[in-house]
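Each chain, letter by letter, is given below.
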Amino acid sequence: KSYVQEGGEIILVRCPSAGQYRKVEKRDFPRKHFWDSLVIKSGLPAYHFEDYPQLMGLDLPELSHLSRKDADYFTEELIKILQEYGHLPNTKKQK
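Residues numbered from 1 in each chain as written. Predicted model: local features only at pLDDT ≥ 70, side-chain atom pairs only at ≥ 80, totals over all residues. Heavy atoms only, no water.

Chemist: Explain the overall build of the protein here, please?
Modeler: What the protein contains, in helices and strands, is three helices and two strands. Traced from its N-terminal end to its C-terminal end, the protein shows the element sequence β-α-α-β-α. For the protein, the spread of C-alpha atoms along the three principal axes comes to 40 × 35 × 25 Å. In the protein, buried positions account for 25% of the 95 residues. Sequence separation of at least 24 residues holds for 57% of the intrachain contacts in the protein that already meet a minimum separation of 6. In the form shown here, the protein has an accessible surface area of approximately 7,200 Å², with 54% of it arising from carbon and sulfur atoms. Here the protein contributes 15 positive and 14 negative side-chain charges, whose respective centroids are spaced 2 Å apart. (Helix = DSSP H or I, 4+ residues; strand = E, 2+ residues; numbered from the N terminus. Buried < 20%, exposed > 50% of the residue type's maximum accessible area, 1.4 Å probe, protein only. Contact = heavy atoms within 4.5 Å. Areas by Shrake-Rupley, 256 points an atom, 1.4 Å probe, with all protein chains shown as cover. Lys, Arg positive; Asp, Glu negative; His and termini not counted. Charge placed at Lys NZ, Arg CZ, Asp CG, Glu CD.)

Chemist: I keep staring at helix 3 (residues 68–84) and nothing clicks. Help me out?
Modeler: Here helix 3 contains 17 residues, and its C-alpha end-to-end distance of 24 Å stays within 8% of the 24 Å for a straight helix at 1.5 Å per residue. For helix 3, the complete set of buried residues consists of D70, F74, E77, L78, I81 and L82. End-on view of helix 3: buried residues confined to an arc of 140°, all on one side of the axis. Every exposed residue of helix 3 that faces more than 90 degrees away from the buried side is listed here: R68 and K69. Residues of helix 3 that are buried in the fold lie against strand 1 (12–14) and strand 2 (46–48). Looking one or two places after helix 3, you find G86, whose phi comes out positive at around 80°. (Expected span 1.5 Å × (residues − 1). Arc of directions from axis to C-beta.)

Chemist: I would appreciate a short explanation of the environment of S17 in the present structure.
Modeler: As for its placement among the helices and strands, S17 is situated in the loop between strand 1 and helix 1 (19–28). Taking the C-alpha atoms as reference points, S17 and K80, separated by 63 residues in sequence, lie 21 Å from one another. Residues within four places of S17 in sequence aside, it is in contact with R22, E25, F49, L60, L63 and S64. Here E25 takes part through its side chain, which lies 2.5 Å from a polar atom of the side chain of S17. (Polar contact = N/O pair within 3.5 Å; in protein donor to acceptor, adjacent residues only side chain to side chain.)

Chemist: Help me out: how do you make sense of the nonpolar core in this one?
Modeler: What tends to happen in soluble globular proteins is that the nonpolar side chains get buried as a cluster. By size, the foremost hydrophobic cluster in this structure holds nine residues: Y47, F49, Y52, L55, L58, F74, L78, I81 and L82. Residue contributions to this core peak at four residues, all from helix 3. (Core = buried A, V, L, I, M, F, W, Y, C linked by side-chain atoms within 4.5 Å.)

Chemist: I tried to follow the environment of G43 on my own but got confused; where do I start?
Modeler: Mapped onto the elements of the fold, G43 is located in the loop between helix 2 (35–42) and strand 2. Considering only alpha carbons, one finds G43 and I11, 32 residues apart in sequence, at a separation of 9.9 Å.

Structure, rendered in structure tokens:
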């Protein structure tokens, strides 16, 4: 059986990038033609960092990889978003 047949859910997540790296992405792979198109064609739930203020302005020392501190923060915030939209129904928030 496939992951989905076993009850798994595929979710698209666009993680942050910054600086010159992001400039090139925007120029060569415009969101409208790539990310948005993928989301529409796939029909999958999708979360792009630019749609969530709490996921913007993070420290990306290598322009496409989060610092350790911000990686932890990003993960915590992404979990909150996924819980809010019902993608993690069997999880419990830790104290």
